[in-house]
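# Results of the structural survey
Listed below, chain by chain, are the residues.
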Amino acid sequence: PDPSNQIQKGGVIAQGVSIELDDLRNIASHGKEILASIQQRESEATGIPSLKISFNNVFGYYIEVRNTHKDKVPSDWIRKQTLTGAERYITAELKEYEEKILGAESRMLVLEQELFAALLAELARYAPGSTVSLKEISERQQLSLKYLEQIVTPLARMGLVKSERGSQGGYRLT
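For every chain, the first residue of the written sequence is number 1, and numbering continues from 1 onward in sequence order. Local features in a predicted model are, by the rule used here, given only for residues with pLDDT of at least 70; side-chain atom pairs are given and counted only at 80 or more, and totals for whole chains, interfaces and linings are based on all residues. Here the side-chain values reflect all heavy atoms present in the structure, with hydrogen atoms and water set aside.

## Things to note about the environment of Lys95
Basically, it comes down to this: Runs of H or I in DSSP of at least four residues are treated as helices and runs of E of at least two as strands, each being numbered from the N terminus. Only protein chains enter the area calculation, which uses a 1.4 Å probe; residues under 20% of their type maximum are buried, those over 50% are exposed, and those in between are partly exposed. Only heavy atoms enter the contact rule, under which two residues are in contact if any of them lie within 4.5 Å.
Looking at the element boundaries, Lys95 is found in helix α3 (residues 92–124). We classify Lys95 as partly exposed; its relative accessible area is 23%. Separated by 36 residues in the primary sequence, Lys95 and Phe59 have C-alpha atoms spaced 9.7 Å apart. Beyond its immediate sequence surroundings of up to four residues, Lys95 is in contact with Phe59, Gly60, Tyr61 and Ile90.

What follows is the structure in structure tokens.
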């Protein structure tokens, strides 16, 4: 897709460009699997086989423990709700992860727009008519050359840059 048209929707920045963006994408796409691994780890650590992690709009993510196992609950868990047959707890790790899950989509979009804006600002530093080496920009901005090519190719199609691709990966700004 043309990044200049798609940047408002996200998904135009390649994997490997930003560690933070890659982490957010992992959280957004693998959130349930990560929660399942937390659940399994906590179940094994506490010896509570029926422990489960769930979500509601009031408490967010929580760990539910049946009353028969509440004596095994670690002291650092925070009790949030008492039910007839169970207790609900939160942990610092679970709350931190919840914030990441709930904020991942919006943060990904903002981060992609920031990365795209940084690239355009870098390109704007060059005078019209000058030749820009994508390799030089990729090294200075710590971006992959493939990512820069994804951005510049549609700009060339739109007539904003002229491709002078050679061994140096140069583009002439217009």
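## Thoughts on the packing of aromatic side chains
Each aromatic ring pair is described using two quantities: the centre-to-centre distance and the angle formed by the ring planes. Using the following cut-off: Two rings from Phe, Tyr or Trp (for Trp, the six-membered ring) form a pair when their centres sit within 6.5 Å of each other. Planes less than 30 degrees apart are called stacked, planes more than 60 degrees apart edge-to-face, and all others tilted.
Enumeration over the complete set of coordinates arrives at two aromatic pairs. Relative to Tyr89, the ring of Trp77 has its centre 5.8 Å away and its plane inclined at 55°; by these criteria the two rings are tilted. Of this pair, Trp77 sits in the loop between β2 (60–66) and β3 (78–82) while Tyr89 sits in strand β4 (residues 86–90); the two residues are 12 residues apart in sequence, bridging distant segments of the chain. With relative accessibility at 7%, the residue Tyr89 sits in the buried group.

## A short note on the pairing of β2
Heads up, the rule is: Two strands are counted as paired when DSSP detects at least two bridges linking them.
Across the seven residues of β2, six count as buried, placing the element largely inside the fold. Pairing analysis gives five bridges linking strand β1 (residues 52–56) to β2, with the strands arranged antiparallel. Each residue of the ladder has a partner; that of Ser54, found in β2, is Tyr62. One ladder, built from four bridges, connects β2 with β4; its direction is antiparallel. By the bridge assignment for β4, Ile63 is matched with Tyr89.

## Observations regarding the nonpolar core
Cut-off, in case you're wondering: The criterion is simple. A nonpolar core is a set of buried Ala, Val, Leu, Ile, Met, Phe, Trp, Tyr and Cys residues joined through side-chain atoms within 4.5 Å.
In terms of nonpolar packing, the biggest core is built from 25 residues, with Leu35, Ile53, Ile63, Val65 and Trp77 touching the most fellow members. Listed by contribution, the elements that provide at least two residues to this core are α2 (19–46), β2 and α3. Counting residues per element, this core draws most heavily on α3, at seven residues. Setting aside its immediate chain neighbours within four residues, Ile53 contacts Leu35, Ile38, Gln39, Tyr61, Tyr62, Ile63 and Leu94.

Shape descriptors only; they carry no functional weight alone.
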